[in-house]
Amino acid sequence: MVLGTTSGAGKSWLTTALCRYYSNLGLKVAPFKAQNMSNNARVVAAPTLATACAALPPEGAHPALGRPGGGVAGIEGAWGEIGSAQYFQALAARAVPEVRMNPLLLKPEADTHSQVVLLGQVSAELTALPWRGRSQLVWPQIAAALDALRAENDVVVIEGAGSPAETNLHASDIVNMRVARHAGARCLLVTDIDRGGAFAHLYGTWALLPEDERALIHGFVLNKFRGDASLLAPAPQHLQERTGVPTVATIPMQWHHGLPEEDGVFDMTPTLGTGVSSLPPEGALAARGGPSPLNRPHTTPGAVHTTVAVVAYPRISNLDEFQPLKNVPGLRLQWVRSPADVAGLRPTDWIVLPGSKATAADLAWLRAQGLDQSIAAHAGQGGTVLGVCGGLQMLGEALIDSEGIDGNAPGLGLLPLVTVFEPAKTVRRTSAAFGPLVGAWAALSGVAACGYEIHHGQTAQHPAMAAKGDVAREVMPGIAWQNPAGNVLGVYLHGLFEDAAVLHALFGAQAPTLDTVFDGLADGVARHFDPGVLDALIA
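Not measured: the values here are computed from a predicted model.

Time to look at the sheet that holds strand S14 (residues 247-252). Read from one edge to the other, the open sheet built from 4 strands follows the order S1-S12-S13-S14, with strand pairing classed as parallel. With one partner strand each, in any of the chains shown, strand S1 (2-4) and S14 form the two edges of the open sheet. Across this sheet, the average inter-strand angle for adjacent strands is 25 degrees, counted without regard to direction. The pairing of S1 with strand S12 (residues 187-192) spans 3 bridges and is parallel. Within the sheet, the bridge partner assigned to Val2 lies in S12 and is Leu188.

Moving on to helix H17 (residues 514-528). With 15 residues, H17 extends 21 Å between its outermost C-alpha atoms, agreeing within 8% with the 21 Å of an ideal straight helix rising 1.5 Å per residue. In this structure, the buried side of H17 is in contact with helix H1 (11-24), helix H3 (84-92) and helix H18 (533-536).

Before going further, it helps to examine the packing of aromatic side chains. Using the criterion set out here, one finds 9 aromatic pairs in the structure. Here the aromatic rings of Phe322 and Phe497 are separated by 6.0 Å at their centres, their planes lie at 40 degrees, and the arrangement is tilted. In this pair, Phe322 sits in the loop between strand S17 (316-317) and strand S18 (331-336) while Phe497 sits in the loop between strand S28 (488-491) and helix H16 (500-507), placing the two residues 175 residues apart along the sequence. When sorted by exposure, Phe322 lands in the same class as Phe497, which is buried. Taken together, the ring pairs connect Phe322, Trp335, Trp350, Trp441, Phe497 and Phe507 into an aromatic cluster. The ring of Trp206 has Arg214 lying over it, and the distance from NZ or CZ to the ring centre is 4.2 Å.

By the criterion of burial, strand S8 (residues 104-110) is predominantly enclosed, with 5 of the 7 residues buried. Two strands pair when backbone bridges link them, and strand S3 (residues 35-37) and S8 are joined in this way by 3 bridges, in the parallel orientation. Each bridged residue has a counterpart across the sheet, and for Met37 the counterpart in S8 is Leu106. Where S8 meets strand S9 (residues 113-118), 6 bridges bridge the pair, whose relative direction is antiparallel. In the strand pairing of S9, Lys107 is matched with Gln115. Connecting S8 to the antiparallel partner S9 that follows it, the hairpin turn spans 2 residues.

The subject of this paragraph is the sheet that holds strand S22 (residues 398-400). In a beta sheet, neighbouring strands are held together by backbone hydrogen bonds and run either parallel or antiparallel to one another. With mixed pairing, the 4 strands of this open sheet are ordered in space as S23-S22-S24-S25. Of all the strands in the sheet, the pair left with one neighbour each is strand S23 (409-410) and strand S25 (448-461). With 3 bridges joining them, S22 and strand S24 (residues 417-433) adopt parallel strand pairing. Bridged to Ala398 within S24 is Val418.

Time to look at unusual backbone geometry. Generally, phi is negative for residues other than glycine and the peptide bonds are trans, each holding for most cases. Backbone torsion omega between Ala233 and Pro234 reads 5 degrees, so that peptide bond is classified as cis. The residue Pro234 is located in the loop between strand S13 (217-225) and helix H9 (235-243) in this model. Of note, the phi angle at Arg94 is positive, near 60 degrees, even though the residue is not glycine. Note that Arg94 resides in the loop between H3 and S8. Backbone geometry at Cys389 places phi at a positive 55 degrees, although glycine is not the residue there.

A separate point is the pattern of salt bridges. Per the stated rule, a full pass over the model turns up 19 salt bridges. Linking Lys224 and Asp192 is a salt bridge whose minimum nitrogen-to-oxygen distance equals 3.7 Å. Of this pair, Lys224 sits in strand S13 while Asp192 sits in strand S12, and the two are 32 residues apart along the sequence. You can call Asp192 buried: its relative accessible area is 6%. Asp372 is the partner of Arg367 in a salt bridge, and the nearest nitrogen-oxygen pair spans 4.0 Å.

About the cut-offs
Residues numbered from 1 in each chain as written. Predicted model: local features only at pLDDT ≥ 70, side-chain atom pairs only at ≥ 80, totals over all residues. Heavy atoms only, no water. Pairing = 2+ DSSP bridges. Helix = DSSP H or I, 4+ residues; strand = E, 2+ residues; numbered from the N terminus. Axes fitted to C-alpha atoms, helices over the stretch in contact; angles between N-to-C directions. Expected span 1.5 Å × (residues − 1). Contact = heavy atoms within 4.5 Å. Phe/Tyr/Trp six-rings, centres within 6.5 Å; stacked < 30°, edge-to-face > 60°. Buried < 20%, exposed > 50% of the residue type's maximum accessible area, 1.4 Å probe, protein only. Lys NZ or Arg CZ within 6 Å of the ring centre and 35° of its normal. Salt bridge = Lys/Arg side-chain N within 4 Å of Asp/Glu carboxyl O.

Laid out in structure tokens, this is it:
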């Protein structure tokens, strides 16, 4: 099991690397994380998918949309959501991703509220419960999922969350040491040495654990190290004398390891040796003014031909799908949160409105920053604009919510569409081909794409505007629309840039395959762990 002294210490990265390392030994491997808090989610199979898909009902009708609509929202047990990190860990393990690998997913909708997803399905009952009142109800399902994976696999690589030494959460813990005790796991404790204070973090975490839980810690890992490793002595020896736990690995800082970041918007380029690890507080942004620190771009080698500016609103979701763009030659990827960040974009440059867990609230935030005017101005001069999922909904004329799901709001008016929010949540894998497109997106015409959908709203042509002849070009039925001028495209399909055919059509480029990334991670841990340690963890 991989535990961390803090969030961002490297638990997800190391778990992914270990999944591929053990898989490369010929073992059957599965990842597991009892509870993940993230708005980056993937659609995976639930155990009853095979039988559920045979019973899909026909589409219903939604009168507000003026069309047959709403669609099949992914029936109970057919598809489910898990955190993106566990999805990639499963691929690294050469396993089929499924809901038992992350039985509890918390998707933040506000600072004090999260949507609760249990075994892939949204639970309104659990969502309504307070944090501490939830743990005893979900623990039986978590334990059952872990037990089943252990029975079916040679190795289960478990990831913890945050720190196991949060004493205020210990009594209701369902993701760290309770899991470790249940599984009798051999645990690694990883820390981010680049932050400073690594040995104090390791010792303090160990010291705050009860004696029986300390005994489960088999090794300390120093992650994100830069410099001369010989200068670490005698600190690892002193730490072992105090705890009895050896430091078993010192892993160098890896700026371009190829995995998307799970929780934060930041640029891994080693300019000044720093990055922005998460979205800063709203108040800090408002007080600071001017260009945000998020806009330091990631630029791939070669002459820059296109800047892709992704709007980083507070409840941004599924930002990991843009990771492949970091590897496109000549492309600059930057995250923006103010008009100053997009000043100077050329019409050939893109503005991307990504997914959102709170579309109406993020749209209000976007307007408060003045970014609505910047986006409209860019589109007005023929600039390329892409909206994905919540971003697609923002591009339309209106958001209609009579169910209290997300909120009512006027849209940006760049596509003649209307979105109606419904209680049923669309969760499914999708494969479809683009129809004819024009303008900036013409290269996607006829391209077959695979991805996934996660959304409450259902979108259609605005009836009144359509009656007057203002109609969006529906380039993928029920999924994607383009404006008549051809520069604005909205899609419900997540994962477009992870599709090799789409990436090649748009940029004539290929990104490194995930297998290449996973094998590189596995090779790295094999080099940097002390000999015999990784084998001893599963002996």
